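The lines below spell out each chain.
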Amino acid sequence: MSDHEHDRTTPGPAAGPHSAPGPRPAVGGRLRKELPDEVPAPVSAVEDGGTPPEPPGSDLTGRQRLVKGLWPPRVTRAQLIVAVLLFGLGFGLAVQVASNSEGDSALRGARQEDLVRILDELDDRTERLEDEKQGLEKQRDELENSSDQAEEARRQTAEKERQLGILAGTVAAQGPGITLVIEDTKGMVKANMLLDAVQELRAAGAEAIQLDGVRVVAGTYLSDSGNGVSVDGNKITAPYRFKVIGKPQDLEPALNIPGGVVQTLEKEQATASVERSAKIVVDALRPAKQPDYARSSSQ
């Protein structure tokens, strides 16, 4: 063999102990037969430039889909309880706000001088209560420090009896106060209007009230009677004259507050005049009535 032929027929490197094995056609063919045949993926309409297929039921409009999602409602018991509680809370707040608005409507429309007068009246009531508290504390101290406590107790009892007699209308009284005269030419003043005046005067600190010769006490009642008013069964007619003992600086503003007695009477075409006086005499008396069942617990 020539050198040229030797070059063409020279085999490759011999397979050593670490060389890769050669191909195994029989085994590869068996694996290929066990694998499933490849299925080509479908070409979507989007890749072809078309529109994607619509899901079932997509022919509904947006409003129809919204209604379908909201109805029928899917409400649990917990959600229903919370909704009822929130409704009750909202209703209560609305009622509270409405009541506060109605209560403050009169003050909201009042003038500045009226508001100042109302504040002064409240200050006077506070001062009056403070004076009463100090008087009671003084009586307590006198009882504790008096050498003859029995005599001091009798003196205070007599003073208390006199004060209760004034309130009950069994004794006459005099002191500073006001005179209120109500003219009613149209006959529009009713018993409830006079009762409002009595209550307003009591709230302002009136200690004794007399209405046309009738002593007004805690049990006094008023009712309409023809063209006049009946006070404890005694018929009186206009003009109605009140004689009131108390602090004039408190009594007069109480009648003139916005929406008070004077303004109410003026709406009914009646007139009310108030006059202060350093001395008012209340001499109408009521008979002392002995209680049938009640007895003093100290006996």
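Only a predicted model underlies this, so the values are computations on that prediction, with no experimental measurement involved.

A. Structural context of the overall build of the protein. Broken down by element type, the protein carries nine helices and eight strands. Counting the 299 residues in the protein, one finds 22% classified as buried. Taking as baseline every contact in the protein between residues at least 6 positions apart, the subset at least 24 positions apart corresponds to 73%. Accessible surface computed for the protein: about 22400 Å², of which carbon and sulfur atoms make up 56%.

B. How the structure looks around the packing of helix α5 (residues 112-145) against helix α8 (residues 248-255). Between α5 and α8, the shortest axis-to-axis distance is 10 Å and the interhelical angle comes to 140°. By the angle between their axes, α5 is oblique relative to α8. For the crossing formed where α5 meets α8, the hand is left-handed. Packed against α5, whose contacting residues are R117, E121, D124 and R128, the element α8 presents Q249, D250, P253 and A254 at the interface. The residue makeup of the contact of α5 with α8, split by class, is two nonpolar, one polar and five charged.

C. Focus on the sheet that holds strand β7 (residues 240-245). An order of β3-β2-β7-β1-β8 is seen for the five strands of this open sheet, with the pairing classed as antiparallel. The open sheet terminates on both sides in strands that have one partner only, identified here as β3 (214-216) and β8 (271-282). The average undirected angle you get between the axes of adjacent strands in this sheet is 25°. Pairing of strand β1 (residues 173-183) with β8 involves 10 bridges; the strand directions are antiparallel.

D. Examining the layout of surface pockets more closely. In this structure, the largest pocket occupies an estimated 750 Å³ of space. E132, K160, Q163, L167 and E207 are, among the 20 residues lining the largest pocket, the residues nearest its centre. Secondary structure elements with two or more residues in the lining of the largest pocket: α5, α6 (149-168) and β1. Considering every element that reaches the lining of the largest pocket, the biggest residue donor is α5, with seven residues. Along the walls of the second largest pocket sit E161, L164, G165, A168, T170, P287, A288, K289, Q290 and P291, which together make up its complete lining. Taken together, the residues of the lining of the second largest pocket sort by class into five nonpolar, three polar and two charged.

E. Region of the structure containing the confidence of the model for the protein. Taken residue by residue, the protein gives an average pLDDT of 78. The fraction at 70 or more is 74%. Within the model, the stretch residues 1-22 combines pLDDT values under 50 with two contacts to residues more than four positions away or in other chains.

F. Local environment of the sheet that holds strand β6 (residues 234-236). Taken in spatial order, the three strands make up an open sheet running β4-β5-β6, and their pairing is antiparallel. In this open sheet, the two strands that pair with only one neighbour each are β4 (222-225) and β6. Within the sheet, the average angular offset between the axes of one strand and its neighbour, ignoring direction, is 35°. The sheet contact formed by strand β5 (residues 228-231) and β6 spans three bridges and is antiparallel.

G. Layout of the side chain of D250. Residue placement: D250 occurs in helix α8. Those residues in contact with D250 that lie beyond four places of it in its chain are D124, R128 and A204.

H. Geometry of the nonpolar core. Membership of the largest hydrophobic core comes to 30 residues, with the highest contact counts inside it found for L201 and F242. Every element with two or more residues in this core is listed here: β1, α7 (191-203), β2 (208-211), β3, β5, β7, α8 and α9 (261-267). Here this core takes six residues from α7, the largest share from any one element. I166, A173, A208 and I245 belong to the second largest nonpolar core, which has six residues in total.

I. Broad picture of the pattern of salt bridges. Considering all chains together, one arrives at four salt bridges under this definition. With its nearest N and O atoms 3.0 Å apart, the salt bridge here joins D250 to R128. Here D250, found in helix α8, pairs with R128, found in helix α5; they are 122 residues apart in sequence, far enough to count as distant. On the accessibility criterion, D250 (1% relative accessible area) is buried. Accessibility expressed as a relative area gives 26% for R128, which makes it partly exposed.

Basis of the calculations
Residues numbered from 1 in each chain as written. Predicted model: local features only at pLDDT ≥ 70, side-chain atom pairs only at ≥ 80, totals over all residues. Heavy atoms only, no water. Helix = DSSP H or I, 4+ residues; strand = E, 2+ residues; numbered from the N terminus. Buried < 20%, exposed > 50% of the residue type's maximum accessible area, 1.4 Å probe, protein only. Contact = heavy atoms within 4.5 Å. Areas by Shrake-Rupley, 256 points an atom, 1.4 Å probe, with all protein chains shown as cover. Axes fitted to C-alpha atoms, helices over the stretch in contact; angles between N-to-C directions. Parallel < 35°, antiparallel > 145°, perpendicular 65-115°, else oblique. Left-handed = near helix turned anticlockwise from the far one by under 90°. Nonpolar A, V, L, I, M, F, W, Y, C, P; charged D, E, K, R; others polar. Pairing = 2+ DSSP bridges. 1 Å grid on protein atoms, 1.4 Å probe; cavity = no way out; pocket = protein on both sides within 12 Å on 5 of 7 lines; lining within 4 Å. Points joined across faces, edges and corners; volume = space filled by probe spheres on them. pLDDT = per-residue confidence, 0-100. Core = buried A, V, L, I, M, F, W, Y, C linked by side-chain atoms within 4.5 Å. Salt bridge = Lys/Arg side-chain N within 4 Å of Asp/Glu carboxyl O.

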